[in-house]
Structures are given as structure tokens and as C-alpha cells.
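# Fold and contact review
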Amino acid sequence: MKRLVAVIAFAACAAAQAADYVPLPGGRFESVLPQGAVPTASAPVDMQPFALRATPVTVAEFARFVAAHPEWQRGRAASVLADARYLSKWATPLLPGAAVPASSPVTDVSWFAAGAFCEAEGGRLPTWLEWEYAAAADATRRDARKDPAWQQQILSWYEQPTPATLPAVGGAPNAYGVRDLHGAVWEWVEDFNALFIAGDSRTQGDPDKLKFCGAGALNIIDRDSYAVLMRIALLSSLNGADTTSTLGFRCVRPVPGASS
Amino acid sequence: MITTPMRRRDALLSLAALAAAPAWLHAAETAPAPGDSVYRLDAQLEDQDGRPFALSSLQGAPLLASMFYTSCDMVCPMIFETVHANLRALPAAQRDAVRILMVSFDPARDTPAVLKKTAQQHHCDSRWRLARCDEGTARKVAAVLGIQYRRLANGDFNHSSTVDVLDAQGRIAARTGKLGEVDPAVVAALRKLAPRAG
């Protein structure tokens, strides 16, 4: 059994080494967040095809990145781009050390640092819609969100406390072949600062209502998607320089021939 | 990398600026920005005259910074009014030392020609840079300025409306969400930052 685990861990590691991207086809998608002009009504969007990293970026991959891009090493990255906690568990600015396993998802990284990693890999962070679209799938269906059993399974993952040492990437693939979207870590998205939530009763008659221009901020359409809503709540509370011990990322690349 | 020629050009431009700038600008432009400076963000923009510039080239003078889009008819005009109102509350010499940066959320529609027209409509003189950049850069600029925005399907944007006061090194000294009126905190910050003589 131990050997099997070791083999699986090695396989996951090797997969991540090659930075596996899996293609996702385009399609009609209904987000939990309203995408139309009317903030209380659902409006499906047409997703363009894109390629998504099969697993979150690992500690080993991020270590190679900071070695090649010294400006993103702990102590060198400007505090306006990465806060004081950035990679703070690493033994040195270059070496993660024994406390941070090489094949675990990298965390304690800021949005700016995550975006720089993806740019260096010829990609970018996924948009919220791209992440949500990929994460709607279970093992066999592209959109399993209406299935109470799937909802329950996601929730049960989130109910487990985060272990002190994050497990290696390489969980079971979903219908697209994407792994670890639920369970292991939270993930940055390109448009994290688009996910502000307002438009509920707390803003009615608020003298500060001009804080947001336009038709009010986001409303939540599907209130049953608790796990996804928890992500939105977390992301909307962050600044670009913030880091947390449970927040990692993965990247997307455009697929040839698709307009973005 | 496509940024290299642009960087070279910026370097030349900033050399030219050094030659023309008053003495107090020299030290600020040559010293690297501190870690908590907005100017540590590598961002390339283009202004209302079609001139490319690096965000960090604004180093050296106090700055009022915000974001907007031209086709916005609700809050955005008030952001321009807010900047004017706060500037009017300063003594003339200090007022002239302040620079203003307004970055568009909407690079597709806010071309330099549109930005130029917007600048004229809102009585923005040469102290103002109305700027556009690619969408990825706009997200980064918003992130350092603490501004949130999202594009709606109809082409409008939801966005927060704050104006930041940056010191000459690019550190955020104050932020206001008071629109259309003077914020004493902004005026106090600018009085402290702007050189008193010329």
C-alpha cells in the first residue's frame, strides 16, 4: 500500500512537471453569479474553449519559478505585490524545505505572484467563470451541480479541517480530466477583484451606496451552491497582495483558434 | 518580449524628462520605489495623446489616481468633479504640483481619441493623464489601487469609485470614497505632500 501511494505520488509529480493542461470545450454555462444586465436574473453565457492546468501549481514548480525570476523570491518581491506572509513557511527564499512538501499545492502566494507564474508559463490565471465552469463537473458529467449527492460530496470535502501539511496534488479527475478543484485548496482567479458582492438589503438607503457605480454589485442566483459561494466570499474579501496558507492557484492557456 | 522596445523608449523618455525636470524631481526619479509603492507594479499605459508611458514614470510628484470609463454616465463624471473639487481646495502653487492619473476599465472603446475628448469635456489640463492599457494590466492597476470592477454583458461596468492620494514615491497616503465634494483628508494629505514653492 505504501509503495502504491509512493507510485501515485510520483506519477502526480511527473504529471505536474510537464505542466499538463487539459482542453475544455466551449459551451453554454449558467453561473451562480448573474452575468446579464439585470442583476437578479440568470443569464447563461457562452464559454469559449480554453486549456486548464490539470492540477494546482505545486511547491516544486513554484520553487523553479522563483529560481528563474528572482524578483519573486521572498524578501525581494515588493510588499505592494506580496504581503509579509508570502512563502513564509519556506526554509529559505529558494528552498521550500522539509515542512513544505514539493508535490503539495503551493500556497501563501499573492495574486500578483500567481499571475506572474502563469505569464511565465505562457498563460494567465483563469477567470472566475472559467474556474466555476470547470468545477461544475463531477467524475462523469460536465455539470453535476443540480445533483444533491454531488453537492453533498463537495460540502463534505469542505467540512474537513485543512491538514497542517497539504496533501500532494493529483486527486481524482473530473469529466474534463481536471483534478483537485474541490477539497485541497482555494484558488486565485484573474478577476478576483470583480467579485464584490452587494445589492442585498444592507445597501438599501445606505449613504455609501455610490461606492459602486452601475446596477449594483453581484447578486447570488443559485443559493444552494454553498461551497462555490464560500469561494466567492473569500475571493471578494482579498487584496492582490494578500496571501493565505490555504490559497493556491492554477493557470489557463488559450487554445489555438479560439477567440478569447 | 514585446515590452523591451517599449522599455527602451521609456528609458529614453525618462532621460529626456530628467534633463528638463526641476532639481527636486531628480532624486525621486532615479531612486528605486519603496516596496510599498504602487510604482513597483510593472504596467505599460497609453495616454490621451497616444503617448506610451510606464506607471512608474509618474514617480516624483504627488498623484491623485482613480479608474473610470468614458461611456459611464452615472458616477464617473463625479469622479472627475471630485478631483477638481479637491484640487481647488489647495493653494495655487501646491495645486500645480499635483498630477492626476485616470485609468480606463474599457480599453476597447476608450481609444486615445476618446480619452482626449473626455479630457476636454472634463477640463483636464496637461497635469492629467487619461490612460488605457490592456485588460490584464487594468486588473493589476485596479488591484494596487484597491478598486473593484466587473464588465456587464451590456458593455457597462460595475465598479467601486475611490480616488487615491499617492506620495511622490507612490505610497498610498489617503483614499476617498466621497464623491462630488471636497474630502478634508485628501486636501490635508496633498498639502503635506505637495512642495510649497512652484
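Residues numbered from 1 in each chain as written. Chains lettered and ligands numbered in written order. Predicted model: local features only at pLDDT ≥ 70, side-chain atom pairs only at ≥ 80, totals over all residues.

### Quick word on the overall build of chain A
- Regarding its fold elements, chain A presents 6 helices and 8 strands.
- Walking chain A from its N terminus toward its C terminus, one meets helices and strands in the order α-β-β-β-β-α-α-α-α-β-β-α-β-β.
- In chain A, which comprises 260 residues, the proportion classed as buried is 40%.
- Sequence-distant contacts in chain A: of pairs separated by 6 or more residues, those separated by 24 or more amount to 75%. (Helix = DSSP H or I, 4+ residues; strand = E, 2+ residues; numbered from the N terminus. Buried ≥ 20, exposed ≤ 12 C-beta atoms within 10 Å, placed from the backbone. Contact = placed C-beta atoms within 7 Å.)

### Details of the nonpolar core
- Counting residues in hydrophobic clusters, the biggest one holds 110 residues, and the most contacted among them are Leu81, Ala113, Ala114 and Ala134 of chain A.
- A total of 7 residues in this core trace back to one element, the largest contributor, which is helix H3 (residues 111–120) of chain A.
- When neighbours within four sequence positions are excluded, Leu81 of chain A is seen to be in contact with Ser110, Phe112, Ala113 and Ala241 of chain A together with Arg40 and Leu41 of chain B. (Core = buried A, V, L, I, M, F, W, Y, C linked by C-beta atoms within 7 Å.)

### Structural notes on the interface of chain B and chain A
- Facing the 30 residues of chain B at the interface are 25 residues of chain A.
- When contributions to the side of chain B that touches chain A are tallied by element, the ones reaching two or more residues are helix H6 (135–145), strand S6 (149–151) and strand S7 (157–160) of chain B.
- Of the residues belonging to the side of chain B that touches chain A, the class tally is 14 nonpolar, 11 polar and 5 charged. (Nonpolar A, V, L, I, M, F, W, Y, C, P; charged D, E, K, R; others polar.)

### Some words on the environment of Ala149 of chain A
All names here are of chain A.
- Tracing the sequence through the fold places Ala149 in helix H5 (residues 148–159).
- For Ala149, a count of 8 C-beta atoms within 10 Å translates into the label exposed.
- For the pair Ala149 and Pro44, spaced 105 residues apart in sequence, the C-alpha to C-alpha distance is 24 Å.

### With respect to helix H5 (residues 112–121) of chain B
All names here are of chain B.
- Among the residues making up H5, those that are buried are Leu115, Thr118 and Ala119. Within H5, the buried residues cover an arc of 100° as seen down the axis, which keeps them to one side. Among the exposed residues of H5, those pointing more than 90 degrees away from its buried face are Ala113, Gln120 and Gln121.
- On its buried face, H5 is in contact with strand S4 (99–104) and strand S5 (128–131).
- Residue His123 follows H5 closely and has a positive phi angle near 55°. (Arc of directions from axis to C-beta.)

### Quick look at the sheet that holds S4 of chain B
Residue and element names in this part refer to chain B.
- Ordered by their spatial adjacency, 5 strands build an open sheet running S5-S4-S3-S8-S9, and the pairing between neighbours is mixed. The outermost strands of the open sheet, each flanked by one partner alone, are S5 and strand S9 (172–176). For this sheet, the mean angle separating the axes of adjacent strands, direction not counted, is 20°.
- In this sheet, S5 lies alongside S4 in parallel orientation, the contact comprising 4 bridges. Looking at the pairing, Ile100 lines up with Trp128 of S5.
- Seen against the sheet, H6 touches strand S3 (63–68), S4 and strand S8 (163–166) and runs at an angle of roughly 130° to S3. (Pairing = 2+ DSSP bridges. Axes fitted to C-alpha atoms, helices over the stretch in contact; angles between N-to-C directions.)

### Focus on the confidence of the model for chain A
Residue and element names in this part refer to chain A.
- With 78% of its residues at a pLDDT of 70 or more, chain A has an overall mean of 83.
- Residue range residues 1–17 is modelled with pLDDT below 50. Its contacts to residues more than four positions away, or to other chains, number 17 contacts.
- Taken together, the stretch residues 213–217 has pLDDT below 50 and engages in 24 contacts with residues farther than four places along the chain or on a different chain. (pLDDT = per-residue confidence, 0-100.)

### A short note on H3 of chain A
- Of all 10 residues that make up H3 of chain A, 8 are buried, and the element is covered over most of its length.
- Those residues of H3 of chain A not exposed but buried are Trp111, Phe112, Ala113, Ala114, Gly115, Ala116, Phe117 and Cys118 of chain A.
- For H3 of chain A, the secondary structure elements touched by its buried residues are helix H2 (59–68) of chain A together with H6 of chain B.
- Phi for Gly122 of chain A, located one or two positions after H3 of chain A, is positive at around 80°.

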